[in-house]
Amino acid sequence: MEYVVLILFWVAWCAVHSSMISLTFTGFVKKRLGARYHFYRLFFNLVAALTLIPPVWYTSQLRKQLLWQLEGFPNLVRWSLLVVVLVLSVAGAMKYDLGQFLGVRQIMSGRSPNALTKSGELDTSGILSVTRHPWYLAALIFVWTGNFEIYCSTLIVKVILTAYLIIGTILEERKLVVEYGDVYLHYQQRVSMLFPWKWVVCRWFGNQST
């Protein structure tokens, strides 16, 4: 029963969080709030952070059934992937604006673009030429490498958060297509959404042909 409650906690959090960034909901809120919509990103982040406390606390109480513990080479692989997470996070931070991410810049500028750059314009250079969503990719990798002890409860959470992050990325993509149109559609054709398989293939075949 406790695992059912755990699943309900996390699914509820993911559902609320995802619905709050959907085109349908944000469109409705934008119409209702008008000029005050610039405060929505900050409100969204606060709600997401506060509502995250109960599921995280409940998960911490269920660390009873240890499934496996990473040691030796598997743990070395884990640390290597954590380095990848760090690289993706830093590279993304060089392209994204923290103020935009937190929702502060929207309030200051009076604009609410979907792109997280300072200008609000679409940027496809640097790490964004490798993967369209480096922070989502970093989060996905971190979900599975963040700890070396895997309990039944944490495994359940990892599966739920993986689905949530993928769905969240897709929802973000829809908003970006609406805002940037054909420019973003062309970007989608060139660069992978998460795992940079297009970049790898391009580099591999590019090297083969030279």
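Going by the structure above, here's the rest.
### Observations regarding the environment of Trp-199
Here comes step 1: With respect to the element layout, Trp-199 can be found in helix α10 (residues 197-209).
Here comes step 2: The partly exposed category is assigned to Trp-199, whose relative accessible area is 32%.
Here comes step 3: Separated by 69 residues in the primary sequence, Trp-199 and Val-130 have C-alpha atoms spaced 5.7 Å apart.
Here comes step 4: Residue contacts for Trp-199: discarding those within four places in its chain leaves Ser-129 and Val-130.

### Here's the deal with the nonpolar core
Here comes step 1: Counting 33 residues, the largest nonpolar core has Leu-6, Trp-10 and Leu-161 as its most contacted members.
Here comes step 2: Secondary structure elements with two or more residues in this core: α1 (2-20), α4 (73-93), α7 (134-145), α8 (152-180) and α9 (182-190).
Here comes step 3: Here the element with the most residues in this core is α8; it accounts for nine residues.
Here comes step 4: When residues no more than four places from it in sequence are discounted, the contact partners of Trp-10 are Leu-52, Pro-55, Val-56, Thr-59, Val-157, Ile-160 and Leu-161.
Here comes step 5: Membership of the second largest hydrophobic core comes to eight residues, among which are Met-20, Tyr-37, Val-47 and Leu-171.

Cut-offs used in this document
Residues numbered from 1 in each chain as written. Predicted model: local features only at pLDDT ≥ 70, side-chain atom pairs only at ≥ 80, totals over all residues. Heavy atoms only, no water. Helix = DSSP H or I, 4+ residues; strand = E, 2+ residues; numbered from the N terminus. Buried < 20%, exposed > 50% of the residue type's maximum accessible area, 1.4 Å probe, protein only. Contact = heavy atoms within 4.5 Å. Core = buried A, V, L, I, M, F, W, Y, C linked by side-chain atoms within 4.5 Å.

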